[in-house]
Structure formats: structure tokens, C-alpha cells
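# Coordinate analysis (summary)
The residues making up each chain are set out below.
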Amino acid sequence: MEVRGFVDEIRDLGGLKFIKLNTSNGYLQITVKKKEVSKDVLDKVEKITRQSVISVQGELKKSKEAPGGHEIIPEKVDVLSVAETPLPLDPSGKTSAELDTRLDWRPLDLRSPRNRAIIRIQSKIVEGMEEYLRKEGFTQVFTPCIIGAASEGGSEVFSVTYFDKEAFLRQDPQLHRELTIAGGIPKIFDLGPSWRAELSHTVRHTCEHRGCAVELAYIKDETDTMRVEEQLIVNAFKKVQEDCKEDLEVLDKQIEVPKTPFPELSFPQIYDVLDSFGKKYKRGLEDYDRESEVLLYNYVKEKHKNDFFFVNKFPFAVKPFYVMRVDDDQTWARSVDMIYKGIELSSGGQREHRYDKLMEQVKLKGLTNESVEWFTKYFRYGIPPMGGFCIGVERLVMQMLDVKNIREIMLFPRTPERLLP
């Protein structure tokens, strides 16, 4: 058989050498016995350094001492690329390095089986979500990443020069999803990046992130979006359980498919829950802070034994103009967050599709009709009731695997200080 990979470790015992080869399927031991291999093999092995890339052909044999229980006695060795020494980073992790150093040398860092397991699990999470959505009749769409107006009217946007005009990197594909629904495609999803120009240095924020954004028409209310969202999560967990057993073993991690329906907490009752923890807020005017998010999770975990829950009916005062308000009590919006292990994983809910109501809310939020006309004018011509959400992919991976910093989940994270590699 033939195997290829990076040389993770070389042990020289005189007449015997052991090469620990880091392949795409894990570690494999190459056993080089001086008296049993050709001179050509010996000569090539002598030139090998740690992290060199080699191809080995030989017989695969069982070995109790070897990693994975097998070894190869090489009949042919090809050195595909020789690594310089000393290495700027130890991919094996035996010599620890600060996260910034690891990210400076990210391609070397990614050679760690742990990091590759994380990347593969992330891929399966997305695959599981896609499978569910396609099965349920959702159409994948590709909304623009460059937009002509800030999508949420805020200052946390990256401006770019678009020929002779100013444009922006999108904060969220939200508004263009709504316009796609207006185009008569009733069930859609969009997988792609978004950006926020936040000078944030928390372990859960980056300037660029990826989301699985879903929108659907003809909903009864925001609970329809919640039912879709929780099944999306369930399918992602099942996919990882089924297809990532070895990767979970590498990470020494076990996961459980969450029970549905997810618990739901709603305003204004949330004020009472937080009040019992000594957290007081202006009712109908404020939502909650990061500490309260964790307190609510602990409350749900103890009461409902679930790591996931929804927060519903946020104060309209803290939400953007396009959300739907509760007609019977317009203090509250049909706006939904999903929390997972104490971190917000998604935002969504029901959108306002009625033109007169939408324009009323534009005025209430202090926006000019001209600034949002590119979006609102289509609502004059009939749009069905709709809603949706956007799940942060990296946050989902981070919380599922209990990784402490979201930067470790991402291939090449973008932060206020990091634009390379």
C-alpha cells in the first residue's frame, strides 16, 4: 500500500528508526529496520526532517506497539518536500504555543489531528443542516456580500470602494433574503460570510463569520421558524454523531442530540427570572447583558435539562425596523434568539411584511424613507408573511465541542488586529 503525509516524529535507535507519519486519516508508524530495507530507502530516510512530506510504499502489518495498531515496513520512500529546521511551531502540540503564535503559523498549526478533527466536524455540521433543508424543500440562494446601504443601519460596517461609489460588506444577508421571498421563492437558505467592524476582543467574536441563514414564507408566526431551526440543529448533531466518530475520539468528546421542542422563555417574564438573580432592567426598553445570558442558560439547564433554548418577544425598542411587533401589545417584537450553552447562537423571528406597518416602524426608528426605500418599496406590491433566522456556524462548532476561543474554530480568523495570513 501507499501512504502520504507529514513526518511528525523521528526516533533513531541505531539500527532501527520509527517515523510517526501524520496522514489525513491519523497517525501511522513507518518502521525502518536497517537490515530489512534497501540502501535507497535508508539514504532517503536520512534526509528527512520533522514535518517533511513523504510518500511511503510497503506492506501494512499489525503491531501492538504502533499508533493505531499497524505499521508499514517501507519498500520505497519518496521525499516530496523537505521541511526547514528548526520549526517555528510544533504541530504536535508537545511544545505549547500561545494562540497568537499558532495563528501566525496557522498552516503548521492545522496539521494537528485535533485541529483537523474540528474542521471536519464543522464540515459535517453544515452538511447535516443542508441535508435537512434540501429534504424539506428549501432552495439554496446566494445573496450579495457587497451592498449599497448598511443592512442594519448601524456604524459597525466595513466600507469598501465600489468603482466611484461607497459600498459596504454585509452585516447579515437578512434584507436580501426577504427580497428573495418577495420574488416568489417561498423557502430559501444562504450559506456564506458576514462582517462586523467591531473592535471586540472577546473569545466569541471575530470580524468575519459564517452563517446558515434561513427564510420561509406563509408562516403563522415566529414559532414556525423556531420549529425549523431546532430540527436544523438536531440534524446537524445526528450527522456529526454518525460520521465523525473518530474525530470525536481524537477530541475526547461525546455529544448528545438535543431534545425537542427547545424550551422557550419570553419577555416580559424574562425580567422576572432575571430579577430573581438580582439583575434589574427597564421593562420594555432593555433586553439583557452577557452575564444575564449565562444566568438564563443556567436557569433553563436546571429546569429543563436542555443546552438549547429560545428567547422570544424581545422589546421592540432594541430591535431593528423590519421585525414584526406583537399587534396586541406593541411593546414587544416577534423576535427570537437561540441560546446554546450560554451563548447566543442565532437571531431571527417574524418579519413585518405589511407595508403600512413597515413604514410606521421606519419612522419610529428615526430612519428616513429615502434611506430604506431600496428595500421597502417592494412591500407595496404584495409580500407573504415570512420569518427566518441565521445560525452562526463557528459558534455552533465552538459550543458543541466546548472550545474556549472561537478563533480556534476558524481556518484563518479575522480580528481587529489580524488580517494575515
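Whatever comes next refers back to the structure up there.
Here goes a summary of the coordinates provided. (Residues numbered from 1 in each chain as written. Predicted model: local features only at pLDDT ≥ 70, side-chain atom pairs only at ≥ 80, totals over all residues. Heavy atoms only, no water.)

If you walk through the whole model with that rule in mind, you get 16 aromatic pairs. A centroid spacing of 6.0 Å and a plane angle of 80° characterise the contact between Phe-321 and Phe-375, whose relative ring orientation is edge-to-face. Of this pair, Phe-321 sits in the loop between strand 13 (308-312) and strand 14 (335-340) while Phe-375 sits in helix 11 (residues 369-376); the two residues are 54 residues apart in sequence, bridging distant segments of the chain. Overall, Phe-375 belongs to the buried group, its relative accessible area being 0%. Members of the aromatic cluster, connected to one another through ring pairs, are Phe-237, Phe-262, Phe-308, Phe-310 and Tyr-340. Seen from the ring of Tyr-27, Lys-20 lies directly overhead, with NZ or CZ sitting 4.1 Å from the centre. Sitting above the plane of the Phe-316 ring, Arg-325 keeps its charged end 4.5 Å from the centroid. (Phe/Tyr/Trp six-rings, centres within 6.5 Å; stacked < 30°, edge-to-face > 60°. Helix = DSSP H or I, 4+ residues; strand = E, 2+ residues; numbered from the N terminus. Buried < 20%, exposed > 50% of the residue type's maximum accessible area, 1.4 Å probe, protein only. Lys NZ or Arg CZ within 6 Å of the ring centre and 35° of its normal.)

This paragraph deals with the pairing of strand 8 (residues 159-162). In terms of strand pairing, strand 8 meets strand 9 (residues 165-169) through 4 bridges, oriented antiparallel. Within the sheet, the bridge partner assigned to Val-160 lies in strand 9 and is Ala-167. A loop of 2 residues connects strand 8 with strand 9, the two strands running antiparallel in sequence, and Phe-163 in this loop sits at a positive phi of about 55°. (Pairing = 2+ DSSP bridges.)

Before going further, it helps to examine the sheet that holds strand 12 (residues 264-266). Strand order in the open sheet formed by 8 strands is 6-10-11-16-15-14-13-12, and the pairing between neighbours is mixed. Either end of the sheet is taken by a strand with one partner, and the two such strands are strand 6 (139-140) and strand 12. Pairing between strand 12 and strand 13: 3 bridges, direction parallel. Looking across to strand 13, one finds that Ser-266 is bridged to Asn-312. Contacts between helix 4 (residues 113-135) and the sheet are confined to strand 6, strand 10 (187-195), strand 11 (208-217) and strand 16 (386-392), with strand 10 contributing the most and set at about 155° to the helix. On the sheet, helix 9 (residues 290-304) packs against strand 12, strand 13, strand 14 and strand 15 (343-350) and is oriented at approximately 120° with respect to strand 13. (Contact = heavy atoms within 4.5 Å. Axes fitted to C-alpha atoms, helices over the stretch in contact; angles between N-to-C directions.)

Let's shift gears to the sheet that holds strand 7 (residues 146-147). Ordered in space as 7-9-8, the 3 strands form an open sheet in which the pairing is antiparallel. Of all the strands in the sheet, just strand 7 and strand 8 have a single pairing partner and so form its edges.

Let us look at the pairing of strand 1 (residues 2-12). The side chains of a regular strand alternate, first on one face of the sheet and then on the other. Across 5 bridges, strand 1 lies against strand 4 (residues 53-62) in antiparallel orientation. Bridge pairing in strand 4 places Gly-5 opposite Ile-54. In this sheet, strand 2 (residues 16-23) lies alongside strand 1 in antiparallel orientation, the contact comprising 6 bridges. For Phe-6, the partnering residue across the bridge sits in strand 2 and is Asn-22. Between strand 1 and strand 2, which pair antiparallel in sequence order, lie 3 residues; one of them, Gly-14, sits at a positive phi of approximately 85°.

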